[in-house]
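The lines below spell out each chain.
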Amino acid sequence: MRMWIRSVLAVVCVVSLAGPVFAQRPADEDGYEMWLRYREVVDAGRLAAYRGAMRQVVAQGTSPILRSAADELTRGLSGLLGTPVTTATTVGDDGAVVIGTPAGSAAIATLGLDTRLASLGREGFLIDRVPVAGRQAVVIAANDDAGVLYGVFHLLRHLQTQQPLDAIATTSSPKVQIRMANHWDHLNRRGVERGYAGLSLWEWGALPNYRNPRYTDYARFLASLGMNATAINNVNADPRILTDQFLEKVAVLADMFRPWGVRLYLSINFDSPRRIGGLKTADPLDPDVRRWWADQVENVYRYVPDFGGFLVKADSEGQPGPQGYGRTHADGANMLAEALAPHGGIVIWRAFVYNPEQTDRFREAYDEFVPLDGTFRDNVIVQVKNGPIDFQPREPFSPLFGALAKTGTMIELQVTQEYFGFSNHLAYQGPLFVEALQADTYVKGEGSTVAKVVDGTVHGYRLTGMAGVINPGTDRNWTGHPFVQASWYAFGRLAWDHELTAEAIADEWIRMTFSNDARFIEPVKAMMMISREAGVNFRSPIGLTHLYSQGDHYGPAPWTAGLARADWTAVYYHRADAEGIGFDRTATGSDAVAQYREPVARVFRDLALIPDEYLLWFHRVGWDHRMKSGRTLWNELVHKYYEGVDQVRDMQKTWDSIEGLVDDRRFHHVKALLEIQARDAVWWRDACVLYFQTFSQRPIPDAYERPEHPLEYYRGRERVIYFPDTWANQPPPGVPQ
Ligand code: BDP
């Protein structure tokens, strides 16, 4: 009998120990709500404190943005507090959250906040606990309704991440003015050039009549991060976007974004005067062309009175531009800027340019744009990708940052995982973004980081901004892979405040998206923080780059050679032969390193100083070159490729270990995707190691598992098209494959 009781007790014990994990699995979620889930706060102490302090939303003012703020706050608090929160226009009792601007709200105006608000700018906000009309209240105040909206999302985030009520007082303002999403969506077939989350969100066939509520949710997500701008169509632009047929649809999107403080921008095709205007030329100095653009701009503003401006890719990858007419980028940008200026619009001119004649693609943006510094109109801003080539898993920062003292320079980061395994792989981009932003250009001495160039601190730019190429599509969870949401989140948070760390952002995102349970947060955060490095290691370690299968950019093809343009091949970048590997960008090679200031140039130039992760970006070294680890270059290369695979396998183990702490639906989705990632990591590793071995003629050290197949197998399976809606299948004419 005693034995029996003991074993029953043992079973009960095991069950109850496992209880929190296995007994109460969270309900399934499909990810549609992303980080705005507003589930009831779990921590009982915090919940009680929040409930006591926030029972009612008081909003005075009627602007659409203020209405959005009040509605979001009411909805958010009702969910988080697990009890309906009411909305009112006057403070009736203790426990109100009072939101508004001194100009729009008498309750806020009486608080005497003007001095405190003065330094916060148009979009900044202040949150404090102060009495209002003799009642205890939480106040969210700003100079403009947009600031109120951002303050509301800040407060909600505070609760979603279960922070102490006492720590709620804060002030915050964005560090850059334009915090922007760039969509690479086609007008045809609802395709997205490098989007991997279903079809384009924009239903051109149903617009303008059908206002899909998703457009509102999309704008909410942007606003929740403080993002205030979006360019909705691909930079490889279809000229038809400027026709009335499209503009009446565009106008509806702008109308739906406006209550969330989001301004709409359009990508334009430089040849539009010829393609849709019936002119013979698109020469930016031609008076008819200039008039044509001025008329188009007028027309756009008739549809979208607060239109933001044009995003332009010109003279790049087959796109038309001013150089086709013997003119400069400045001539082209200034013509458009002149047309936009009377309406308050701007031109975002991309510096992603390169032509086949150059000997080193790395040098091009700098070589073309630096001589033009000072010649752009002041409503032009140049948009520069973080690295000199193209959103590779790791690039040194573009030397163009800081080199334009008189021309506002935005940074362009890529959220969509074009080079990181699409929506199949988990590769949190926060660490990449922070690495790019915190790189020190030294243009005005130490501390002249890319972030400080971009936010105008270094050169005092009039226009400042950050753009993220994002990929939401018709997939229910917006981004395909649930963890790609985290990179969108990280982009938006960093656009508001580039001093945040990738880790702190991951922490917030996990809490808001999945769970506040430390048993979940810690391992998942560690997994996210290693994921980008894993992606570098199994694809292109030690400064290798561009080893992709051309066209789809998914799988490995380091053997790619003989394309129409050398700078689209892989061999152009790695230059492997029997002697060694790497691209010499020192004075004995292309000397691109000279585009950097000292001491950056010295560090990159010097074999003894350069960090391993940038080595092959700047140097050509022998296979037996001694690395910092003491290994030869060949052995280090092999080691890194294998390490990348191990890291992905560890990520799988981590994810398996949190089963039960997250709903089954999202758990199994991520688990399956990690299986794909592990398979692809091995594919990349084996293909690259075997390929480079044909040059190095050195063995894979015994300690490592053998590649599963011979090199020929990997060469044979190079082009695997998994994502039929993307550019990979049907490239528009004139752009690279
Ligand atoms: C490359 C993409 C291509 C884009 C281009 C760009 O492969 O689809 O059009 O960048 O940024 O990375 O213009």
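Calculation rules
- Residues numbered from 1 in each chain as written.
- Predicted model: local features only at pLDDT ≥ 70, side-chain atom pairs only at ≥ 80, totals over all residues.
- Heavy atoms only, no water.
- Near = heavy atom within 4 Å.
- Polar contact = N/O pair within 3.5 Å; in protein donor to acceptor, adjacent residues only side chain to side chain.
- Areas by Shrake-Rupley, 256 points an atom, 1.4 Å probe, with all protein chains shown as cover.
- Nonpolar A, V, L, I, M, F, W, Y, C, P; charged D, E, K, R; others polar.
- Helix = DSSP H or I, 4+ residues; strand = E, 2+ residues; numbered from the N terminus.
- Buried < 20%, exposed > 50% of the residue type's maximum accessible area, 1.4 Å probe, protein only.
- Phe/Tyr/Trp six-rings, centres within 6.5 Å; stacked < 30°, edge-to-face > 60°.
- Lys NZ or Arg CZ within 6 Å of the ring centre and 35° of its normal.
- Pairing = 2+ DSSP bridges.
- Axes fitted to C-alpha atoms, helices over the stretch in contact; angles between N-to-C directions.
- Core = buried A, V, L, I, M, F, W, Y, C linked by side-chain atoms within 4.5 Å.
- Contact = heavy atoms within 4.5 Å.

(A) Inspection of the site of the ligand at higher detail. Looking at the ligand, there are 15 residues lining it, with E193, K313, R350, D390 and E418 nearest. In the environment of the ligand, an oxygen atom lies 2.5 Å from a nitrogen or oxygen atom belonging to the side chain of E418. Relative to its unbound accessible area of 320 Å², the ligand is 99% covered by the protein chains. Looking at the shell around the ligand residue by residue, the class counts come to 5 nonpolar, 2 polar and 8 charged.

(B) The arrangement of unusual backbone geometry in detail. For the bond from L207 to P208, the omega torsion is 5°, close enough to zero to count as cis. For the bond from E598 to P599, the omega torsion is 5°, close enough to zero to count as cis. Mapped onto the fold, P599 is located in the loop between β15 (580-581) and α19 (600-605). Phi is positive for M34, close to 45°, though the residue is something other than glycine. Inspection of the secondary structure assignment puts M34 in the loop between α1 (2-23) and α2 (44-53). Residue classification places M34 among the buried positions, given a relative accessible area of 1%. Its identity is not glycine, yet D591 carries a phi of approximately 60°, on the positive side. With respect to the secondary-structure elements, D591 resides in the loop between β15 and α19. Its relative accessible area of 25% is what places D591 among the partly exposed residues.

(C) Just the packing of aromatic side chains, in detail. Counted by the stated rule, this structure contains 53 aromatic pairs. Ring plane angle 70° and centroid distance 6.2 Å describe the contact between Y596 and F618, whose orientation is recorded as edge-to-face. Of this pair, Y596 sits in the loop between β15 and α19 while F618 sits in helix α20 (residues 615-618); the two residues are 22 residues apart in sequence, bridging distant segments of the chain. This pair shows no difference in class: Y596 is buried, exactly as F618 is. Geometry around Y572 places R575 over its ring, the cationic atom sitting 5.1 Å from the centre. The ring of F583 is capped by R585, whose NZ or CZ atom sits 3.6 Å from the centre of that ring.

(D) Representation of the sheet that holds strand β2 (residues 86-88) in the model. Within the open sheet, the 6 strands sit side by side as β2-β1-β3-β5-β4-β6. Their pairing is mixed. Each end of this open sheet is capped by a strand with a single partner; those strands are β2 and β6 (170-172). Sheet twist, expressed as the mean angle between neighbouring strand axes with direction ignored, is 25°. Alignment of strand β1 (residues 56-59) against β2, held across 3 bridges, turns out to be parallel. The partner of V57 across the bridge, within β2, is T87.

(E) Quick look at the nonpolar core. Among the nonpolar cores identified, the biggest contains 233 residues, and M54, L77, W488, W655 and F692 are the most heavily contacted of them. Setting aside residues up to four positions removed in sequence, W488 forms contacts with M34, W35, Y218, F221, L222, L225, M227, V415, I470, P472, W478 and T479. Counting residues in each nonpolar core, the second largest holds 14 residues, with A96, V98, L113 and L117 among its members.

(F) Quick look at the sheet that holds strand β13 (residues 409-414). If you walk around this closed barrel you meet the 8 strands as β7-β8-β9-β10-β11-β12-β13-β14, and the pairing is parallel. In this sheet, neighbouring strand axes are inclined to one another by 25° on average, regardless of whether the strands run parallel or antiparallel. By the bridge criterion, 4 bridges tie β13 to strand β14 (residues 465-470) in an arrangement that is parallel. Considered in β14, the bridge of I411 is made with M466. Contacts from helix α8 (residues 244-257) reach β8 (229-231) and β9 (263-268) within the one sheet, and its direction differs from that of β9 by about 150°.

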